[in-house]
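Chain by chain, the residues run as shown.
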Amino acid sequence: MQTLDSVQTAAPQGALASPAVARNTAPILQVLRAHLPARARVLEIASGSGEHAIAFARALPATTWTPSDPSPEARASIAAWTTESALANVAPALALDAADPDRWPEVDVQAIFCANMIHISPWAATEGLMAGAGRVLPDPGGLLVLYGPYRETDIPLAPSNVAFDESLKARDPAWGLRELDDVVALARSHRLHLTRRVEMPANNLLLLFRRA
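A separate point is the overall build of the chain. When helices and strands are tallied, the chain shows six helices and 10 strands. For the chain, whose C-alpha radius of gyration is 16 Å, the value lies close to the compact-globule estimate of 17 Å for 212 residues. Buried residues in the chain amount to 51% of all 212 residues. Sequence separation of at least 24 residues holds for 73% of the intrachain contacts in the chain that already meet a minimum separation of 6. Taken as two groups, the 18 positive and 22 negative side-chain charges of the chain have centres that lie 7 Å from each other.

Compared with an ideal rise of 1.5 Å per residue, which puts 17 residues at 24 Å, helix α1 (residues 19-35) spans 25 Å between its outermost C-alpha atoms and is within 8% of the ideal. Among all positions in α1, only Val21, Asn24, Thr25, Pro27, Ile28, Leu29, Val31 and Leu32 are buried. Those residues of α1 hidden inside the fold are in contact with α2 (51-59), β4 (64-66), β5 (111-115), β6 (143-148), β9 (192-200) and β10 (204-211).

The strands that make up a sheet are held in pairs by hydrogen bonds between backbone atoms, and each pair lies either parallel or antiparallel. The strand order across the open sheet built from six strands is β4-β3-β5-β6-β10-β9, with neighbouring strands paired in mixed fashion. Each of the sheet's edge strands pairs with one partner strand only, and the pair in question is β4 and β9. Here the average twist between neighbouring strands, direction ignored, is 20 degrees. For β5 and β6, the ladder comprises five bridges, and the chain directions are parallel. Bridge pairing in β6 links Ala115 to Tyr147. In the packing of helix α4 (residues 123-136) onto the sheet, contacts are made with β3 (41-45), β5, β6, β9 and β10, and the angle to β6 comes to roughly 155 degrees.

The next thing to look at is the packing of aromatic side chains. The full count for this structure, using the stated rule, is three aromatic pairs. Relative to Trp65, the ring of Phe56 lies with its centre 5.4 Å away and its plane at 55 degrees, an arrangement referred to as tilted. For the pair Phe56 and Trp65, a shared accessibility class is recorded, and that class is buried. A ring pair is formed by Phe56 and Phe113, whose centres lie 5.5 Å apart and whose planes are at 90 degrees; its orientation type is edge-to-face. Of this pair, Phe56 sits in helix α2 while Phe113 is found in strand β5, placing the two residues 57 residues apart along the sequence. For the pair shown, Phe56 and Phe113 are each scored as buried.

The rules behind these values
Residues numbered from 1 in each chain as written. Predicted model: local features only at pLDDT ≥ 70, side-chain atom pairs only at ≥ 80, totals over all residues. Heavy atoms only, no water. Helix = DSSP H or I, 4+ residues; strand = E, 2+ residues; numbered from the N terminus. Rg over C-alpha atoms; globule rule 2.2 N^0.38 Å. Buried < 20%, exposed > 50% of the residue type's maximum accessible area, 1.4 Å probe, protein only. Contact = heavy atoms within 4.5 Å. Lys, Arg positive; Asp, Glu negative; His and termini not counted. Charge placed at Lys NZ, Arg CZ, Asp CG, Glu CD. Expected span 1.5 Å × (residues − 1). Pairing = 2+ DSSP bridges. Axes fitted to C-alpha atoms, helices over the stretch in contact; angles between N-to-C directions. Phe/Tyr/Trp six-rings, centres within 6.5 Å; stacked < 30°, edge-to-face > 60°.

Structural data, given as structure tokens:
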């Protein structure tokens, strides 16, 4: 299932660049520093261009970061950024489809990170993400970190997110901002419990779920 959002070409050759990554890396990193184990083994789902993987692996050199994406174009970009960075703690990108958890490669990880996928993919991708995370994360304590915009009960949707939601649905009716309550309930069905909600810039949220 393709989840790579719009990107623009950039150096190094064969790499892609997402403007959103440059804007959100620092605030996400602040939370990751506080909650990841010191020597965390992290699987990133729907890594896209690969820029998050490189930025977080560089900032957290004791971690091992394994990016993944179902898109060959994205995996080529991840490889280009990894080669350019020369970081030893970034593993080769996996060809992993969040929507097909039964075919996820075997991974030994303590945490899963997923940014900007849930609203730019069919609901089946979120279902697969939760099923896969519930299976591969250690019990107890495995960490699932989600980043992106959501709809929340009793909290008016920001005008920018209303417009964003409409544009997503115009591109693909199966896309769009999800109800946070639905995501939390789905996670709970796989023994992943929401432990922290952190407000991020541009009306996004960072959600931390723990396996229990």
